[in-house]
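The chain contents come next:
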Amino acid sequence: MYREHYAGLVRTVSLLIGDVAEAEDIVQEAHVRLYRSWGRIREPAAAHGYLRATALNLARSRLRKVIRGRGRHEEPAHVPAPDDAAIAGEAGASVISALRGLARRQRECLVLRYYAGMSDSQIAADLGVSLGSVKRHIHRGLEKLEGRLERYR
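Keep in mind that what you see is a predicted model, and the values were worked out from it rather than measured.

J.: Explain the pattern of salt bridges to me, please; I cannot follow it from the model alone.
T.: A side chain with one charge can pair with a side chain of the opposite charge if their charged atoms come near. Counted according to the given criterion, the structure contains 7 salt bridges. Between Glu22 and Arg62 there is a salt bridge, with its nearest N and O atoms 3.2 Å apart. With a gap of 40 residues between them, Glu22 in helix α2 (residues 20–36) and Arg62 in helix α3 (residues 47–70) connect regions that are remote in the sequence. A salt bridge links Glu29 to Arg33; its shortest N-O distance comes to 2.9 Å. Here Glu29 pairs with Arg33, and both are found in helix α2, just 4 residues apart, close to one helical turn. Given a relative accessible area of 38%, Arg33 falls into the partly exposed group.

J.: What am I meant to see in a nonpolar patch on the surface here?
T.: On the surface, a cluster of nonpolar side chains totalling about 280 Å² of accessible area is made up of Tyr114, Tyr115 and Leu142. Along the polypeptide, Tyr115 turns up in helix α5 (residues 104–115).

J.: Explain the nonpolar core here, please?
T.: Buried together is how nonpolar side chains tend to be arranged in soluble globular proteins. Judged by nonpolar contacts, the single largest core of 34 residues is most densely connected at Val13, Ile17, Ile123 and Leu145. Listing elements by their share of this core, those giving two or more residues are α1 (2–17), α2, α3, α4 (89–100), α5, α6 (120–127) and α7 (131–148). With 7 residues, the single largest contributor to this core is α3.

J.: Even after reading the chapter, I still don't get the environment of Leu149, so can you show me in this structure?
T.: With respect to the helices, strands and loops of the structure, Leu149 is situated in the segment after α7. We classify Leu149 as buried; its relative accessible area is 18%. Expressed as a C-alpha distance, the spacing of Leu149 and Ser94, which sit 55 residues apart in the sequence, is 7.4 Å. Excluding its chain neighbours within four sequence positions, the residues that come into contact with Leu149 are Ser94, Val95 and Ala98.

J.: Even after reading the chapter, I still don't get a positive patch on the surface, so can you show me in this structure?
T.: A cluster of like positive charges, contributed by Arg136, Arg140, Lys144 and Arg148, occupies part of the molecular surface. Locating Arg136 in the fold gives a position in helix α7. For Arg136, a relative accessible area of 36% puts it in the partly exposed group.

J.: Just to check I follow, could you spell out the packing of α1 against α5 for this structure?
T.: Each pair of packed helices gets described by two things: the angle between the helix axes and the distance between those axes. Axis separation between α1 and α5 bottoms out at 10 Å; the angle between their running directions is 155 degrees. Looking at the two axes, α1 sits roughly antiparallel to α5. For the pair α1 and α5, the crossing hand works out as right-handed. Along the contact surface, α1 presents Thr12, Leu15 and Leu16, while α5 presents Arg107, Glu108, Val111, Leu112 and Tyr115.

Rules behind the numbers
Residues numbered from 1 in each chain as written. Predicted model: local features only at pLDDT ≥ 70, side-chain atom pairs only at ≥ 80, totals over all residues. Heavy atoms only, no water. Salt bridge = Lys/Arg side-chain N within 4 Å of Asp/Glu carboxyl O. Helix = DSSP H or I, 4+ residues; strand = E, 2+ residues; numbered from the N terminus. Buried < 20%, exposed > 50% of the residue type's maximum accessible area, 1.4 Å probe, protein only. Patch = residues over 30% accessible without salt bridge, like charges linked within 9 Å, V, L, I, M, F, W, Y side chains within 5 Å. Areas by Shrake-Rupley, 256 points an atom, 1.4 Å probe, with all protein chains shown as cover. Core = buried A, V, L, I, M, F, W, Y, C linked by side-chain atoms within 4.5 Å. Contact = heavy atoms within 4.5 Å. Lys, Arg positive; Asp, Glu negative; His and termini not counted. Charge placed at Lys NZ, Arg CZ, Asp CG, Glu CD. Axes fitted to C-alpha atoms, helices over the stretch in contact; angles between N-to-C directions. Parallel < 35°, antiparallel > 145°, perpendicular 65-115°, else oblique. Left-handed = near helix turned anticlockwise from the far one by under 90°.

This is how it looks when you write it as structure tokens:
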């Protein structure tokens, strides 16, 4: 499970928090928590969902600590994830920069849908929000991204 999901989770978490080293630590902690609670997991097939939800919760907690520590609503500077190079060129860098400028929940929903390949219902379950909220955040986030990335059309 570690080998299969580690890299994808690090990419997703690093897009959310902007720090690859911290994302690696968070994903490692999520795997440790999964291991510790393995005996309580009723359906082993659902373990990946538990792992992903744990990593996302840890990432959100980390962001709250960073924001609280700074005393203002500012996120850490982006350190590219190893596979950000796959999002080629200036347009790719602009997409990541534009994502960073979105509200936290909009960014989470868009990253989980388009980078992690999750369905709206999976996103709602992982984030603990309604399906309607996920759809609204995705719609509003895409509108904002469209405006910010108009020059790349």
